[in-house]
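# Structural overview for review
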Amino acid sequence: MNSEGIVLWYNDKGFGKIQARSGEEIFFHIHNRINVDDDRTPKQGDVVEYKRQEHERGPRAFCWQFEPYVKLGDIAHGQLGITTQLAAYYMRGLDPTPC
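Presented here is a report on the structure given in the accompanying data block. Here the structure is a predicted model, which means the values were calculated and not measured.

## Some thoughts on the overall build of the protein chain
Helices and strands together make up the secondary structure of the protein chain, namely two helices and seven strands. When the helices and strands of the protein chain are placed in sequence order, the string is β-β-β-β-β-β-α-β-α. By the burial criterion, 31% of the 99 residues in the protein chain qualify as buried. Taking all contacts inside the protein chain whose residues are at least 6 apart in sequence as the whole, residues at least 24 apart take part in 43%. For the protein chain, the accessible surface area stands at approximately 6,600 Å², while carbon and sulfur atoms represent 51% of it.

## Describing the nonpolar core
Generally speaking, a soluble globular protein has its nonpolar side chains buried in company with each other. Grouped together as the largest cluster of nonpolar side chains are ten residues: Val7, Ile18, Ala20, Ile26, Phe28, Val48, Tyr50, Ala61, Trp64 and Phe66. Those elements giving two or more residues to this core turn out to be strand E2 (15-20), strand E3 (25-29), strand E4 (47-53) and strand E5 (60-66). Per element, the largest residue contribution to this core is three residues, and it comes from E5.

## Overview of the side chain of Glu4
Mapped onto the secondary structure, Glu4 falls in strand E1 (residues 2-10). On the basis of relative accessibility, which here comes to 19%, the residue Glu4 falls in the buried class. A polar atom in the side chain of Glu4 sits 2.5 Å from the side chain of Arg21.

About the cut-offs
- Residues numbered from 1 in each chain as written.
- Predicted model: local features only at pLDDT ≥ 70, side-chain atom pairs only at ≥ 80, totals over all residues.
- Heavy atoms only, no water.
- Helix = DSSP H or I, 4+ residues; strand = E, 2+ residues; numbered from the N terminus.
- Buried < 20%, exposed > 50% of the residue type's maximum accessible area, 1.4 Å probe, protein only.
- Contact = heavy atoms within 4.5 Å.
- Areas by Shrake-Rupley, 256 points an atom, 1.4 Å probe, with all protein chains shown as cover.
- Core = buried A, V, L, I, M, F, W, Y, C linked by side-chain atoms within 4.5 Å.
- Polar contact = N/O pair within 3.5 Å; in protein donor to acceptor, adjacent residues only side chain to side chain.

Written out as structure tokens, the structure reads:
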């Protein structure tokens, strides 16, 4: 299941921390990003979506991506809000879970 969080910090070596909705801090690395066509670098305050993975040093985010929302739910499915990338997968009939 994907979770949302906010980038707390990110350094030039590719490491950073995401704050989950629960307040927990989760480590992430630029190489675990899934939407590589987007050339943005994470900045403090960016909203991201990720899958959580337990690690001996603490929780990590993998398969993370920036979270630009399109409220397709307001148009067709009630209150369902999904990312533009997921919307593209669904519209093409593809599996939106590459990881």
